[in-house]
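Listed below, chain by chain, are the residues.
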Amino acid sequence: MTEFTLPDMVRRIFEAEAIPADAQEMLSGPQRSLGVAVPLRRDDGALEVYPGWRVVFDTTLGPGKGGIRFHPGTDAGECAQLAFWMTIKCALMELPFGGAKGGIRVDPKALSPLEVERLARSYVRAVADVIGPDTDIPAPDVNTDARVMGWMADEFSQITRRHQPAAITGKPVCLGGSEGRTAATGQGALIALDAWLKRQDRRPEDTTIAVQGFGNAGAHFAGLAHDAGYRVVAVSDSKAAIHAAGGLDPWRLKTFKDEEKALSGAVYAGQSVKDRNGDEEIGQDALLALDVDVLALAAMQDAVTEDNAGEIRAGLVLEIANGPVTPEADRRLAEDGKVILPDVLANAGGVTVSHLEWVQSRTGDYWDADTVRERMTRRMEDAARRCYEQAEAADSTVREAAYTLAIRRIADAISSRGDRSYFCS
């Protein structure tokens, strides 16, 4: 079984909420962890084999749901942790899913486009027996996108000899994907931020933002925030960080990077934000310490640690990436009076639209972008309201409030099927 350590905060919630013992046992570790070998025939004819995983943490509320990442740091423990967060996220959003995650330990930037396609299809062949529309539904994650999901969905259909668009979400629209999926994570993060600021009687026009991570989620969040009146003063990607006190135009930056990527023909290569003329280039670590109202973390896990938490000057930290703040840093930021809008809420727009895609793919009834946006917005606003009300009522952090709501829902479902208090009474 994959090594997994239940967070101390969850144990405190178990005690405070008197969560039944059966539910505690069910949530103590993943239900299934599959390790696979993923062979890849390179363009030069050489064969390389990469380790891969697919972990399902809990299926109490429905089939597993979670992304697939291609990254050199991926391992079984990371997939288990991510699957746990997905379990909490889906329960918080009241979606009919459990949590899952998968990945391959590989540097995809060292592969050609054809090699990435072959790798994606090879992974699906390795896990085909444990995924599907009623069991475990993959989606994009780090270094995977709609194109990769399209390859995976096509491979799964060939293996099963059936057209099954609901088996994988995040696909291109022409292959059964949903309108609005690409922008959903960033859009959902903005909805969570808007809802919080409204409760504080603050306006977007009076709010400055720095964004660490200018990939799909970070770029869309920055652009949509700019459109809503926020002043985005700094952004960074894996190569550089730029700052403009008067504000940046994120859409121009995104267009520039997208155009360069298209011209290169590579799957992952793209121009950096540093190549924009007239913008001040700063150190990537310096972005985290900027004196802004909101620090949006949209890069990778563990961006803020105990070592640099004391440098954070933003009053509010928005977690768009999964796990960008370590538990030790989380405690330090709370002690310093910082507010954190946690990943299980802030980046839930992606899985919410993945659910809408799953529904559309199962029924064959596809909706326009406005319909998808309206349904996602309604669910995100409701989840944000419940989290913020719970935090205020319990005088807790928003993270603890979100986990409390999610664990209550899972525990209620486990108990409703019969637990030891019923059978041993």
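Starting from 1, residues in each chain are numbered consecutively following that chain's sequence as written. Per-residue local features are limited, in this predicted model, to residues with pLDDT of at least 70; the limit for side-chain atom pairs, both in listing and counting, is 80 or more; totals at the level of whole chains, interfaces and linings are taken over all residues. Where side-chain values are given, they derive from all heavy atoms of the structure, hydrogens and water being excluded.

Some points on the overall build of the chain
Numbering of helices and strands runs from the N terminus, with a helix taken as a DSSP run of H or I at least four residues long and a strand as a DSSP run of E at least two residues long. Counting secondary structure elements, the chain contains 15 helices and 12 strands. Referenced to the eigenvectors of the C-alpha coordinate spread, the extents of the chain come out at roughly 65 × 60 × 40 Å. Across the 425 residues of the chain, 56% fall into the buried class. For this analysis, residues touch if any pair of their heavy atoms sits within 4.5 Å. Restricting to contacts in the chain with at least 6 residues of sequence separation, those with at least 24 account for 70%. By element, 46% of the accessible surface of the chain is carried by carbon and sulfur atoms, the whole surface being about 17700 Å². Exposure classes here rest on a 1.4 Å probe applied to the protein chains alone. A residue is buried below 20% of its type maximum, exposed above 50%, and partly exposed in between. Each accessible area is a Shrake-Rupley estimate made with a 1.4 Å probe; only the visible protein chains count as cover when residues are assessed.

Some points on the packing of helix α13 (residues 369-394) against helix α14 (residues 398-416)
α14 packs onto α13 with a crossing angle of 110 degrees between their chain directions and a minimal axis gap of 8 Å. The angle between α13 and α14 places the two elements in the roughly perpendicular class. When you trace α13 past α14, the crossing you get is right-handed. Along its contact with α13, which presents R386, C387, Y388, Q390 and A391, the element α14 presents V398, A401, A402, T404, L405 and R408. Residues are grouped as follows: nonpolar covers Ala, Val, Leu, Ile, Met, Phe, Trp, Tyr, Cys and Pro; charged covers Asp, Glu, Lys and Arg; every other residue, Gly included, is treated as polar. For the contact of α13 with α14, the residue count by class is seven nonpolar, two polar and two charged. Think of each axis as a best-fit line through the C-alpha atoms, taken over the contacting stretch in the case of a helix, with angles from 0 to 180 degrees between the N-to-C directions. Note on angle classes: values under 35 degrees are labelled roughly parallel, values over 145 roughly antiparallel, values of 65 to 115 roughly perpendicular, and the remainder oblique. Note: crossing handedness is left-handed where the near helix turns anticlockwise from the far helix by less than a right angle, and right-handed where it turns clockwise.

Details of the nonpolar core
To form a nonpolar core, buried Ala, Val, Leu, Ile, Met, Phe, Trp, Tyr and Cys residues must be joined to one another through side-chain atoms within 4.5 Å. Counting 91 residues, the largest nonpolar core has L193, F221, L318 and Y388 as its most contacted members. For this core, the element with the most residues is helix α3 (residues 76-92), which contributes 12 residues. Ignoring anything within four residues of it in the chain, the contact list for F221 reads G186, A189, L190, L193, I209, V211, A296, L318 and I320. In terms of nonpolar packing, the next biggest core, distinct from the first, is built from 26 residues, V36, V130, M149 and I168 among them.

Some remarks on the packing of aromatic side chains
Each Phe, Tyr or Trp ring (for Trp, its six-membered ring) is paired with any other whose centre lies within 6.5 Å, and the angle between the two planes then decides the class: stacked below 30 degrees, edge-to-face above 60, tilted in between. Considering all chains together, one arrives at six aromatic pairs under this definition. Pairing F97 with W358 gives two aromatic rings, centres 5.0 Å apart and planes at 70 degrees, and the pair type is edge-to-face. In this pair, F97 sits in the loop between α3 and β4 (99-105) while W358 sits in helix α12 (residues 349-363), placing the two residues 261 residues apart along the sequence. With respect to burial, F97 and W358 carry one shared label: buried. Aromatic rings pair up to connect F4, F57, F84 and Y403 into one cluster.

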